[in-house]
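# Structural overview
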Amino acid sequence: MLGRRVAILGGTFNPVHLGHLVMAEQSLHQFDLDQVLWIPAGDPPHKPLAAGATSQDRWQMLQLAIADHPRFVCSDLEMQRQGPSYAVDTLRHLHRQYPDTLWFWIIGVDALKDLPHWHQAPDLIKLCHWIVAPRVDNQTAQQVIETIQERLPIQAELLQAPYIEISSTFLREQIHQQGSIRYLVPPAVADYIQQQNLYR
């Protein structure tokens, strides 16, 4: 009998923003999770890290963003690993470390489209349930799930959450152009970015 229910939220978090936090919070309640485990990528295989902040900066911002939430936890598992941050390696490690946990993975619908091309995808999909955050309307997102299921037998369900149109790319551009990121990131993250003069 599996005990704890834990969802992984991976990403570069460069920087972390309110869209990430809403996604994690809604997943927690809709899927009756005990915890959301935030895992910042070390060396993401699908896209290079944008400049402007170090891995340590990304880690610090994430810690600040989730500090007041008792069921949000950070792991530097992928940051400590040498080489590309493959999801399948992360899940295998976590299964070994916590064999009694039922694992979920929170993924945006755009990333889900690429899932068949992820490293060892047929093995990866067996290691967790997939929580799909719709970046579009729910009907279109459901169609994406069904299209993927024709290629991979994934267990996936749509997240019922408001879509917040914020991206880390937009935030970096705003900062670079001396624009405001107020109300887009937690205040502690905005303060850290300003103090460390990131993304300038």
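Report follows, based on the coordinates. (Residues numbered from 1 in each chain as written. Predicted model: local features only at pLDDT ≥ 70, side-chain atom pairs only at ≥ 80, totals over all residues. Heavy atoms only, no water.)

Taken as a whole, helix H4 (residues 87-97) has its buried residues at Ala87, Val88, Thr90, Leu91 and Leu94. All buried residues of H4 project into a common sector of 160 degrees when viewed along the axis, lining one side. Buried-residue contacts for H4 involve strand S1 (5-11), strand S2 (35-40), helix H3 (77-80), strand S4 (102-108) and helix H6 (121-124). (Buried < 20%, exposed > 50% of the residue type's maximum accessible area, 1.4 Å probe, protein only. Helix = DSSP H or I, 4+ residues; strand = E, 2+ residues; numbered from the N terminus. Arc of directions from axis to C-beta. Contact = heavy atoms within 4.5 Å.)

Bringing the state of the cysteines into the picture now. The tally for this structure, following the rule as stated, stands at 0 disulfides. Just so you know, Cys74 is unpaired, no disulfide at all, and the nearest cysteine sulfur is the one on Cys128, 19 Å from it. The class of Cys74 is buried, set by a relative accessible area of 16%. Look at Cys128 and you get buried, because its relative accessible area is 5%. (Disulfide = S-S within 2.5 Å.)

We now examine the nonpolar core. Formed by 35 residues in total, the largest nonpolar core has its most connected members in Val36, Trp38 and Met61. No other element matches the 5 residues that helix H2 (residues 55-66) contributes to this core. Once you skip the residues sitting within four places of it in the chain, Met61 turns out to touch Pro15, Val16, Ala53, Val189, Tyr192, Ile193, Leu198 and Tyr199. In this structure, Leu91, Trp105, Ala141 and Ile154 belong to the second largest nonpolar core, which totals 30 residues. (Core = buried A, V, L, I, M, F, W, Y, C linked by side-chain atoms within 4.5 Å.)

These results come straight from atomic positions and should not be treated as a statement about function.
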